[in-house]
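Residue-level listing of the chains:
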There are 2 protein chains.
Amino acid sequence: MAVASDAVRSRILAAGQRITPQRDVIAQLLEAASRPLGATELCAAVAAEDPRIGRATVFRTLAALEQAGIVAQVSLPGGQTGYLLCGTDGHHHHLVCQGCGGVDDVLEAAVSPFLRRLERDHRFRVDHASFTIYGTCARCAGPGVPRSARSTPAR
Amino acid sequence: MAVASDAVRSRILAAGQRITPQRDVIAQLLEAASRPLGATELCAAVAAEDPRIGRATVFRTLAALEQAGIVAQVSLPGGQTGYLLCGTDGHHHHLVCQGCGGVDDVLEAAVSPFLRRLERDHRFRVDHASFTIYGTCARCAGPGVPRSARSTPAR
DNA sequence: TCGGCTATGATACTTGGTCTCAGAGAGGCG
DNA sequence: CGCCTCTCTGAGACCAAGTATCATAGCCGA
């Protein structure tokens, strides 16, 4: 059976959490998915991998991994919650492609000027902002069918 | 019993929806709250106003009002959903004050430069973005404490 | 090896929301 | 006025997501 990558395992350890077979299964499933998994989806996948793992353990593990900064919750369109293994350390945001389900990370540094501007304009102190943005990635936009305006030389 | 304001009623009508006593109650409760109400909270308030109004009607009404652009869903910290009567027409975003629960609207125009920048940097076409930002409004930040001294970078 | 702590599985429960279905009520029309 | 249709409603079953509880298993350090 596959196991979670060393990188993930070491991050779990670094957060002072134990690596257990159950956590390994869950981390590995999220890692293999590379797109946000819904609660039902994840529970089903976990059950398929090892039917003896309980729902409570799944959610506990997600909470533990989230606390360790290894998984993030994103709100999927339709109001559902998706769980996502994220490669980026620290607080960041997500671009979710509605075509392939892939996720791109947006570093906090890219959004903080925007937030500071909001703070100034609205006389508001921002404590916490986390947003998920839906759209279409370059690959899914299709080669040869680029958005008319997107000839911009992106890095 | 109080009724929803004329502005709200006319917006319901403009969206081709009927004004019924039940919708009136719900719109009026949201209007009076001036902060996001959770599902339980709202159902309880509705029941207090008229115990014969069913849950299904509450959610149906919320959906109808949301479609009419009169209410918005915001995700409250803790993952809960709040319902909110919004004064601004068109797509916009919300700043939620964690002190008083008040909500300030952020017009789409204020965020689109940020989104365009993201599109450029990530080669990503943004279809839909809606974010709710938590923080403290100027009033709750407290009088006498100058804003310049208390600005904190977003986490 | 012993004690304590962490993690686990089972299960019941809560919350948030949807679906279904029969019926009430309003509006339009002849 | 009477009828027809269409929207909206209430009740309640149902579902999905997540939490709480509790006894137990297993790891780990002393």
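Quick caveat: nothing in here was measured; it's all calculated off a predicted structure.

Asks: Any chance you could explain the pattern of salt bridges here in plain terms?
Replies: Evaluation of the coordinates by the stated rule reveals 8 salt bridges over all chains. Residues Asp127(A) and Arg125(A) are paired through a salt bridge, measuring 3.5 Å at the closest nitrogen-oxygen approach. Exposure remark for Asp127(A): the relative accessible area of 24% places this residue in the partly exposed category. Linking Arg9(B) and Asp24(B) is a salt bridge whose minimum nitrogen-to-oxygen distance equals 2.7 Å. Within this pair, whereas Arg9(B) is found in helix H1 (residues 6-14), its partner Asp24(B) is found in helix H2 (residues 21-33), the two being separated by 15 residues in sequence. For Arg9(B), a relative accessible area of 27% corresponds to the partly exposed category.

Asks: In this structure, what is going on with the sheet that holds strand S2 (residues 71-75) of chain B? I would like to understand it.
Replies: Strands pair in a sheet through their backbones, by hydrogen bonds, and they do so in one of two ways: parallel or antiparallel. All names here are of chain B. Taken in spatial order, the 3 strands make up an open sheet running S1-S3-S2, and their pairing is antiparallel. In the strand order of this sheet, the two ends are held by strand S1 (37-38) and S2, each with one partner. Note: S2 against strand S3 (residues 81-85), 5 bridges, orientation antiparallel. By the bridge assignment for S3, Ser 75 is matched with Thr 81. Its contacts with the sheet place helix H4 (residues 55-67) against S2 and S3, and it is angled at close to 105° to S2.

Asks: Even after reading the chapter, I still don't get the relation of the copies chain B and chain A, so can you show me in this structure?
Replies: Copies of the same chain, two in number, are related to each other by a rotation about an axis and a translation along it. Once turned by 180° and shifted 0.0 Å along the axis, chain B lies on chain A with an RMSD of 0.1 Å. Here the symmetry operator amounts to a two-fold rotation axis. When C-alpha distances to the rotation axis are compared across chain B, the minimum falls at Phe131(B), with a value of 2.6 Å. Most of the interface of chain B is mirrored in chain A: 89% of its interface residues are interface residues there too.

Asks: Explanation requested: the packing of helix H5 (residues 108-122) of chain A against helix H5 (residues 108-122) of chain B in the structure shown.
Replies: Two quantities define a packed helix pair, namely the angle between the helix axes and the distance between the axes. The geometry of H5(A) relative to H5(B) is characterised by a closest axis approach of 11 Å and an angle of 155° between their N-to-C directions. What the angle tells us is that H5(A) and H5(B) run roughly antiparallel. Remark: the crossing between H5(A) and H5(B) carries right-handed chirality. The segment H5(A) lies against H5(B), with Ala110(A), Val111(A) and Phe114(A) engaging Ala110(B), Val111(B) and Phe114(B). Residues that form the contact of H5(A) with H5(B) fall into these classes: 6 nonpolar, no polar and no charged.

Asks: What exactly am I supposed to notice about the environment of Glu108(B) here?
Replies: All names here are of chain B. Residue position: Glu 108 is located in helix H5. Judged by its relative accessible area of 27%, Glu 108 is partly exposed. Counting along the chain gives 16 residues from Glu 108 to His 92, while the straight-line C-alpha distance between them is 5.0 Å. Discounting residues that sit within four places of it in the chain, Glu 108 has contacts with His 91, His 92, His 93 and Leu 115.

Asks: Any chance you could explain the protein's contact with DNA strand C here in plain terms?
Replies: Close to DNA strand C lie 20 residues, the nearest being Thr20(A), Thr57(A), Arg60(A), Thr40(B) and Arg55(B). Within 4 Å of the protein, the contacting atoms of DNA strand C are 63% sugar and phosphate, with bases supplying the remainder. Those elements that provide at least two residues to the surface near DNA strand C are helix H2 (21-33) and helix H4 (55-67) of chain A together with helix H3 (39-49), H4 and S3 of chain B. The element best represented in the surface near DNA strand C is H4(B), accounting for 4 residues.

Asks: Would you explain the interface of chain B and chain A in this entry?
Replies: Size of an interface, as often reported, equals the accessible area lost when the parts are brought together. Listed as interface residues are 37 residues of chain B and, on the opposing side, 37 residues of chain A. Between chain B and chain A, a total of about 3700 Å² is buried, with carbon and sulfur atoms accounting for 58% of that surface. Summed over the shared surface of chain B and chain A, the number is 0 salt bridges. The tally of links from chain B across to chain A stands at 12 residue pairs in polar contact (both at pLDDT 80 or more). Within the residue set of the side of chain B that touches chain A, elements represented by two or more residues are strand S4 (92-97), strand S5 (103-107), H5, strand S6 (124-129), strand S7 (132-137) and helix H7 (147-150) of chain B. The leading source of residues in the side of chain B that touches chain A is H5(B), at 9 residues. Partitioning the side of chain B that touches chain A into residue classes produces 19 nonpolar, 7 polar and 11 charged. As paired strands, strand S7 (residues 132-137) of chain A and S6(B) are joined by 5 bridges and run antiparallel to one another.

Rules used throughout
Residues numbered from 1 in each chain as written. Chains lettered and ligands numbered in written order. Predicted model: local features only at pLDDT ≥ 70, side-chain atom pairs only at ≥ 80, totals over all residues. Heavy atoms only, no water. Salt bridge = Lys/Arg side-chain N within 4 Å of Asp/Glu carboxyl O. Buried < 20%, exposed > 50% of the residue type's maximum accessible area, 1.4 Å probe, protein only. Helix = DSSP H or I, 4+ residues; strand = E, 2+ residues; numbered from the N terminus. Pairing = 2+ DSSP bridges. Contact = heavy atoms within 4.5 Å. Axes fitted to C-alpha atoms, helices over the stretch in contact; angles between N-to-C directions. Least-squares fit on C-alpha atoms with pLDDT ≥ 70 in both. Parallel < 35°, antiparallel > 145°, perpendicular 65-115°, else oblique. Left-handed = near helix turned anticlockwise from the far one by under 90°. Nonpolar A, V, L, I, M, F, W, Y, C, P; charged D, E, K, R; others polar. Near = heavy atom within 4 Å. Buried area = accessible area lost by both parts, 1.4 Å probe. Polar contact = N/O pair within 3.5 Å; in protein donor to acceptor, adjacent residues only side chain to side chain.

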